[in-house]
Structures are given as structure tokens and as C-alpha cells.
Amino acid sequence: MPRLFYLLLLLVLSACAGTMRPHSESPSYALTPSIQSEVLQQFNNNLPNDDKNAPWFSLLNTGQESLARRIAMMDAAVTAIDAQYFLWLEDAVGSLSFEHLLAAADRGVRVRLLLDDSFLAGEDSVVLALAKHPNMHVRIFNPFAIRSSSMVGRYAENIHDLSRTNHRMHNKLLIIDSTVAIIGGRNIADSYFGFDKTRNFRDFDLLTARALLCQNLPMVLMRFGILAGHFPLLK
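Residues numbered from 1 in each chain as written. Predicted model: local features only at pLDDT ≥ 70, side-chain atom pairs only at ≥ 80, totals over all residues. Heavy atoms only, no water.

**What about the overall build of the protein chain?**
In terms of regular secondary structure, the protein chain is built from eight helices and 10 strands. Among the 235 residues that make up the protein chain, the fraction classed as buried is 46%. Long-range contacts, defined here as pairs at least 24 residues apart, represent 81% of the contacts in the protein chain between residues at least 6 apart. Split by element, the accessible area of the protein chain, about 12,000 Å² in all, is 60% carbon and sulfur. (Helix = DSSP H or I, 4+ residues; strand = E, 2+ residues; numbered from the N terminus. Buried < 20%, exposed > 50% of the residue type's maximum accessible area, 1.4 Å probe, protein only. Contact = heavy atoms within 4.5 Å. Areas by Shrake-Rupley, 256 points an atom, 1.4 Å probe, with all protein chains shown as cover.)

**Observations regarding empty space enclosed by the protein**
This structure, assessed with the given rule, holds two cavities of 30 Å³ or more. As a volume, the largest cavity reaches approximately 40 Å³. Taken together, the residues of the lining of the largest cavity sort by class into five nonpolar, one polar and one charged. The calculated volume of the second largest cavity comes to roughly 30 Å³. Together, F86, L87, W88, L115, D116, F119 and L120 line the second largest cavity. Across the lining of the second largest cavity, the residue classes tally to six nonpolar, no polar and one charged. (1 Å grid on protein atoms, 1.4 Å probe; cavity = no way out; pocket = protein on both sides within 12 Å on 5 of 7 lines; lining within 4 Å. Points joined across faces, edges and corners; volume = space filled by probe spheres on them. Nonpolar A, V, L, I, M, F, W, Y, C, P; charged D, E, K, R; others polar.)

**Considerations on the packing of helix α3 (residues 63-76) against helix α4 (residues 92-106)**
For the pair α3 and α4, the least separation of the axes is 9 Å and the interaxial angle reads 15°. If you check the angle between α3 and α4, you find them roughly parallel. For the element pair α3 and α4, the recorded crossing hand is left-handed. Between α3 and α4, the contacting residues are L67, I71, M74 and D75 on the first element and V93, L96, S97, H100, L101 and A104 on the second. (Axes fitted to C-alpha atoms, helices over the stretch in contact; angles between N-to-C directions. Parallel < 35°, antiparallel > 145°, perpendicular 65-115°, else oblique. Left-handed = near helix turned anticlockwise from the far one by under 90°.)

**Comments concerning the pairing of strand β4 (residues 110-116)**
Of all the seven residues making up β4, seven are buried; the element is thus mostly covered by neighbouring parts of the structure. Burial of β4 is two-sided: the residues R110, R112, L114 and D116 facing one way and the residues V111, L113 and L115 facing the other way are all buried. As judged from the six bridges shared by strand β3 (residues 80-85) and β4, these two strands associate in the parallel manner. Bridge assignment links Q84 to a residue of β4, and that residue is L114. At this point the chain moves from β3, through α4, to the parallel β4, and the crossover so formed is right-handed. Sheet analysis places β4 next to strand β5 (residues 136-141), joined by six bridges and oriented parallel. In the strand pairing of β5, V111 is matched with M136. (Pairing = 2+ DSSP bridges. Right-handed = clockwise from strand over helix to strand, strands pointing away.)

Set out below in C-alpha cells:
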């Protein structure tokens, strides 16, 4: 009886599931750091260091400051935004961040977004809508091939592929114009910035400017996506 129950459960969960098939796509590379980057010029004008080529780092301790920095940096982007996140929810913070990414893409900024597939159940239509923008390049890291609209369904339907799907991408990274970056710490959701009404995570990020890693991380981001068995979304 239990075996029959689980079989019926799998059939129900897979009833509305789609299947994603991998396809090849040309590699994507970082753009040359922009000396005209408005966000970099803002840092150069406000930092006391006379050496404008010296790297600079600062902790973003509060959620409000971290979110404000992200939004301001996206709004100041001139050539490129590279973003990589484990979790990006469609709540207030997530929707606000998507709006500013799209606004940047609308004004001609190349936006590359690499998301882990763990929390994208039921969000394929949103991701596909973003990917239709000519300046938005969206890729999903190590996705579930059978794509039920529920997270439980996805894990149940892809249990035969657990050795692959169990490898997740927990990186959190935002790079503007290959010159300024926010690294680590927070995913993009209300609970990571202190706006959830029930519970919030205590976390922090690292803001860096003029560091060599800001030039190298965008290339690592997309190379990581290419080599990790991702399924790029067709536009």
C-alpha cells in the first residue's frame, strides 16, 4: 500500500510538469572595465585614498544599507551588471531588485543573471519573461530537468538524478561595470534585508571597488555557469 501511495503521488505531482532539455550556447565573457563608470567615479570622488587604482573594501552590516547600495549601483551602471544568486524571491525586495535590473537593461546595460534552480519552482514564466529582454541574459544553474510547479514535486520527480541535482550554487554576487562589487552574505529576499514581518536572517556583505577581482569575477561567474551543467534559457 505505501508503495502504491508514493507511485500515485508521483503521478499527481508530475501531471503539470514540463521537461527542460540542455542545449549548447556560446560562452559569455566579462566586458572591459569602464573608466566612465558612474558608480566607480562616485567611489573615487568620495574616498580619501589618493591612489585611485588601490583596491577598497567595506562591510555592509545592515540590510537597509545593503539594499540601498545595490539599488544605487544598479541605477548607476553604464555598461554591465553581472549577478549570481542562490535565492531570488519574488517578494518586495526581489521585485524591487528585478525592476531596477530591467530599468538598467532598458537603458542599454548588458545584464547577466545566473540563478540556482532550488527556489525557482513555479517561476519559469517569470524567468522566461526576463530572458526575452534583448539586454537580459539569464541562465539557470544545474536545473531540475523535470520541472513541476512545486519544489516537493521537483525533488520527487528528479530523485533518479539526485547525484547531480544535489549540487547547488550558493554564491551571492553583484558586479557593476566590472569595477564595483557586492560579494557574499545576502540572497535577494525580504528576510535577508530585515523586511520580513515574521523572521529575518542576520547577515552581511562585502562592498569592494577598484579591486582586480571585480574584473575577474564576471568571467568566473559565467564560466562557472557554463561548466556546471546549466540549462540556458532560449529567448
